[in-house]
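Overview (structure and organization)
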Amino acid sequence: MNRAPNTETHSLAVKNAILVGADPQVGSLLLSILKPDSWVVMSVPDNLAALAVVRGRAFDLIVTSDETSGREDIELLRQIRKVRPHTRLIILAADSTPADAITSMRERAFSYLSKPFSFDTLAEMIRMATEGPCWDDGIEVVSGTPGLIRVLARCDVKTADRLVHFLNEIAELPDPERSQVAMAFREMLLNAIEHGGRLDPNQYVEIEYVRARHMVACHITDPGPGFTLDEIPHAAIANPADAPLRHVALREEQGMRPGGFGVLLARQLVDELIYGQAGNEVLLIKYLASPKTKSA
């Protein structure tokens, strides 16, 4: 797995990564994303070996083994942060609990994925971890339990995507509710970040996420002045019945990115979508089917 740098082709900007464990699929994925002209990837057998190496020199990215528990990897993260406070660490956990996922957020893991995780999602997180400016002030846990968590999220798209994956781990929803809630939450969070926070990384959106026995609720409050539906003709929700794509032309005229279907899509995916009076807060509610009772 170790890939030594080519001194003839590597620039001084070469970065270093560690893969813990020997999963061939994770290793192949990592090597396919971290190109040899920019990255040197080292493989170590376990967390103790990873910590020993990190104490000797800095690494830009660490991906943990998918054979260790979330709790073990969080302890590794704590130890690494004592000597390398800004190392980006992606946790792959064999055994996990919602409380572990919350703790990983508090300790500022870059991402947290438990088995069985999607390799597409892992690839997305690896790419995100290798790009952009300092990330580790993007998500702040104000308070958190598996039933109710309150966080502040920086107003940028990458932070929104990271937060969606963290909350997926915490909620432990069945399919298809898992993907429905995640998609609706992401759309409304992006609306809050883009329109309320103006994609200003100095602004934060507040999120309260509640996981009850028969429902999930997400309350999102953005730092903007709010709006009414009459003020957003660039959104699909405001289209008249005889012009279902009117907003597309309006967005092009205003130089906005393609889209505008967020509110409309969210309404189809959750059971309740309720806006506050000012229009800068929204509540999403998804009701869950009662678990089947066993016959006596």
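Scroll up to find the structure.
From a predicted model like this one, the values you see are computed outputs, not experimental measurements.

**Overview of the nonpolar core**
By size, the foremost hydrophobic cluster in this structure holds 57 residues, and its most contacted members are Leu 163 and Ile 220. With 9 residues, the single largest contributor to this core is helix H7 (residues 177-196). Setting aside residues no more than four positions away along its own chain, Leu 163 makes contact with Met 105, Ile 139, Val 151, Ala 153, Phe 185, Leu 189 and Ile 207. By size, the runner-up hydrophobic cluster in this structure holds 22 residues, among which are Leu 19, Leu 29, Ala 123 and Ala 129.

**So, H7**
Here H7 spans 27 Å end to end across 20 residues, near enough to the 28 Å set by a 1.5 Å rise per residue. Two residues or fewer past H7, Arg 198 is found with a positive phi of approximately 55°.

**Brief notes about the packing of aromatic side chains**
Summed over the entire model, instances satisfying the criterion amount to 2 aromatic pairs. Ring centres 5.3 Å apart and planes at 50° place the aromatic pair Phe 117 and Phe 119 in the tilted group. Note on Phe 117: relative accessible area 15%, which makes it buried. Residue classification places Phe 119 among the partly exposed residues on the basis of a relative accessible area of 29%. Between the NZ or CZ atom of Arg 162 and the centre of the ring of Phe 110, over which it lies, the distance is 4.6 Å.

**Remarks on the layout of surface pockets**
Estimates place the volume of the second largest pocket at around 280 Å³. The wall of the second largest pocket is formed by 13 residues, among which Ser 114, Pro 116, Phe 117, Glu 169 and Arg 178 lie closest to the centre. Among the elements that take part in the lining of the second largest pocket, helix H6 (residues 157-171) stands out by supplying 3 residues, more than any other. Looking at the lining of the second largest pocket, its residues break down into 3 nonpolar, 6 polar and 4 charged.

**Let's talk about the environment of Tyr 275**
Tracing the backbone shows Tyr 275 in strand S10 (residues 272-275). Exposure remark for Tyr 275: the relative accessible area of 26% places this residue in the partly exposed category. When the C-alpha atoms of Tyr 275 and Gly 226 are compared, they prove to be 9.9 Å apart, with 49 residues separating the residues in sequence.

**Comments concerning the sheet that holds strand S2 (residues 39-44)**
Here we have 5 strands laid out as an open sheet, ordered S2-S1-S3-S4-S5, and parallel in their pairing. What marks the edges here is a single partner per strand, and that holds for S2 and strand S5 (111-114). The average angle at which neighbouring strand axes cross in this sheet is 15°, direction not considered. Packed onto the sheet, helix H3 (residues 70-83) meets strand S3 (61-63), strand S4 (88-93) and S5 and runs at close to 165° relative to S4.

Calculation notes
- Residue positions are given per chain, counting from 1 as you read along its sequence in written order.
- A pLDDT threshold of at least 70 governs which residues receive local features in this predicted model, and a stricter bar of 80 or more applies before side-chain atom pairs are shown or counted, although totals over entire chains, interfaces and linings include all residues.
- Note that the side-chain values use all heavy atoms of the structure and ignore hydrogens as well as water.
- Only buried residues count toward a nonpolar core. Its members are Ala, Val, Leu, Ile, Met, Phe, Trp, Tyr and Cys residues joined through side-chain atoms within 4.5 Å.
- The rule is simple: take the accessible area with a 1.4 Å probe, protein chains only, and divide by the maximum for that residue type; under 20% is buried, over 50% is exposed, in between is partly exposed.
- Only DSSP runs of H or I covering at least 4 residues are called helices, and only runs of E covering at least 2 are called strands; the numbering of each starts at the N terminus.
- Only heavy atoms enter the contact rule, under which two residues are in contact if any of them lie within 4.5 Å.
- To estimate how far a helix should reach, multiply one less than its number of residues by 1.5 Å.
- Pairing of aromatic rings covers Phe, Tyr and the six-membered ring of Trp, with a centre-to-centre limit of 6.5 Å; geometry is then stacked below 30 degrees between planes, edge-to-face above 60, and tilted otherwise.
- By definition, being over a ring means that NZ of Lys or CZ of Arg is both within 6 Å of the ring centre and within 35 degrees of the ring normal.
- Points on a 1 Å grid, built from protein atoms alone, make a cavity when a 1.4 Å probe fits but cannot get out and make a pocket when they are open with protein on both sides within 12 Å along at least 5 of 7 lines; residues with an atom within 4 Å of a point are the lining residues.
- Grid points are joined across faces, edges and corners, and a volume is the space filled by probe spheres set on the points.
- The nonpolar class holds Ala, Val, Leu, Ile, Met, Phe, Trp, Tyr, Cys and Pro. Asp, Glu, Lys and Arg form the charged class, and all remaining residues, Gly among them, are polar.
- DSSP-based pairing: two strands are paired if at least 2 bridges between them are found.
- Lines fitted to the C-alpha atoms define the axes, with helices restricted to the stretch that makes contact. Angles between their N-to-C directions range from 0 to 180 degrees.

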